[in-house]
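Observations on the model geometry
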Amino acid sequence: VDAIAYALEIEQNRAELGLEPRFSCDIEPSTLPIEQAFSALIVRMDRWLRKGEVPPPSRLISLIENENGQRIIEKDATGNTVGGIRLPQLEVPLGRWSGENPDLFCFLYGAYVPYTRAEINALYPRRRDFVLPLRASIRQAVNDGFLLPRGAWEIWNSARRVDIGVRGKSRSRASVRRQVRAAR
């Protein structure tokens with residue numbers, strides 16, 4: 001995988017230098033920050049080894065049978081995978097995340113297809129329709145041990161920059177900090 005990442009980086013550098021890329025992804029590679037879940041996993045594993053605190057149970061991706069009798073990954077109403085570790089970006093999505101990307105090399109990174117403005121407006125007509133479920137999802141992921149407070153802050157700060165609905169009165173940073181602490 002490191003060799004593939006290196007190859008993709010070389011191609012990105014070629015593009016920045018104005019050179020013709022040798023390959024590219026037709027579908028945007030996934031940017032889901034899975035490293036946040038990996039960081040939480042490492043912390044939980046350390047606690048398990050040092051203190052005997054059992055990590056959260058596994059959550060499997062849901063499979064269903066299609067009309068041909070083949071087992072396929074179940075999708076929710078937003079087009080995202082059901083089950084597995086549900087990071088806040090999957091619970092309160094701004095696009096479709098997938099582990100599948102048919103392009104050369106890109107298949108290792110999955111895919112991300114952002115929702116259109118119309119889809120976002122339909123899902124989140126008001127800013128609070130996005131912010132409140134996101135806050136609850138962040139809290140749940142921290143409580144469940146799948147997200148560390150640092151990751152929670154990263155998600156929250158990036159969500160603050162998202163242009164959705166009409167902005168209401170924003171909460172203070174101290175107020176959000178108290179909520180993250182309370183979620184621990």
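Residues numbered from 1 in each chain as written. Predicted model: local features only at pLDDT ≥ 70, side-chain atom pairs only at ≥ 80, totals over all residues. Heavy atoms only, no water.

In this structure, the largest pocket spans a volume of roughly 770 Å³. In terms of lining residues, the largest pocket is bounded by 32 residues, among which L32, I34, I61, I85 and L90 are the most central. At the level of elements, α2 (34–51) and β3 (95–98) are the ones that each hand at least two residues to the lining of the largest pocket. Counting residues per element, the lining of the largest pocket draws most heavily on α2, which supplies 5 residues. Among the residues making up the lining of the largest pocket, the classes are represented as 18 nonpolar, 9 polar and 5 charged. (1 Å grid on protein atoms, 1.4 Å probe; cavity = no way out; pocket = protein on both sides within 12 Å on 5 of 7 lines; lining within 4 Å. Points joined across faces, edges and corners; volume = space filled by probe spheres on them. Helix = DSSP H or I, 4+ residues; strand = E, 2+ residues; numbered from the N terminus. Nonpolar A, V, L, I, M, F, W, Y, C, P; charged D, E, K, R; others polar.)

Within this structure, the stated rule accounts for 7 salt bridges. We note a salt bridge from D46 to R50, for which the minimum N-O separation is 2.5 Å. Highlighted residues: D46 and R50, both in helix α2, separated by 4 residues, approximately one helical turn. Given a relative accessible area of 33%, D46 falls into the partly exposed group. Taking the relative accessible area as the measure of exposure, R50 reaches 67% and is therefore exposed. Within the structure, one salt-bridge network assembled from shared partners comprises D76, R86 and E91. (Salt bridge = Lys/Arg side-chain N within 4 Å of Asp/Glu carboxyl O. Buried < 20%, exposed > 50% of the residue type's maximum accessible area, 1.4 Å probe, protein only.)

Contact geometry of helix α5 (residues 127–143) with helix α6 (residues 149–160) gives a least axis separation of 10 Å together with a crossing angle of 175°. The orientation of α5 with respect to α6, classified from their angle, is roughly antiparallel. Residues R127, F130, V131, L134, R135, I138 and V142 of α5 lie in contact with α6, whose contacting residues are A152, I155, W156, A159 and R160. Split into classes, the residues belonging to the contact of α5 with α6 amount to 9 nonpolar, no polar and 3 charged. (Axes fitted to C-alpha atoms, helices over the stretch in contact; angles between N-to-C directions. Parallel < 35°, antiparallel > 145°, perpendicular 65-115°, else oblique. Contact = heavy atoms within 4.5 Å.)

Here α6 contains 12 residues, and its C-alpha end-to-end distance of 16 Å stays within 8% of the 16 Å for a straight helix at 1.5 Å per residue. Buried within α6 are the following residues: G151, A152, W153, I155, W156 and A159. (Expected span 1.5 Å × (residues − 1).)

Our next topic: a nonpolar patch on the surface. Taken together, I34, F38, L41, M45, W48 and V54 make up a surface patch of nonpolar side chains, about 570 Å² in accessible area. If you trace the backbone, M45 turns up in helix α2. Classification of M45 by relative accessible area gives partly exposed; the value is 34%. (Patch = residues over 30% accessible without salt bridge, like charges linked within 9 Å, V, L, I, M, F, W, Y side chains within 5 Å. Areas by Shrake-Rupley, 256 points an atom, 1.4 Å probe, with all protein chains shown as cover.)

Moving on, we get to the nonpolar core. Judged by nonpolar contacts, the single largest core of 18 residues is most densely connected at Y124, F130, L134, I138, L147, W156 and I164. Those elements that place two or more of their residues in this core are α5 and α6. It is α5 that provides the largest number of residues to this core, a total of 6 residues. Apart from the residues within four sequence positions on either side, L147 is in contact with Q36, A40, P88, I138, A141, V142, A152 and I155. Ranked by size, the runner-up nonpolar core spans 6 residues in total, among them A37, L87, W97 and Y112. (Core = buried A, V, L, I, M, F, W, Y, C linked by side-chain atoms within 4.5 Å.)

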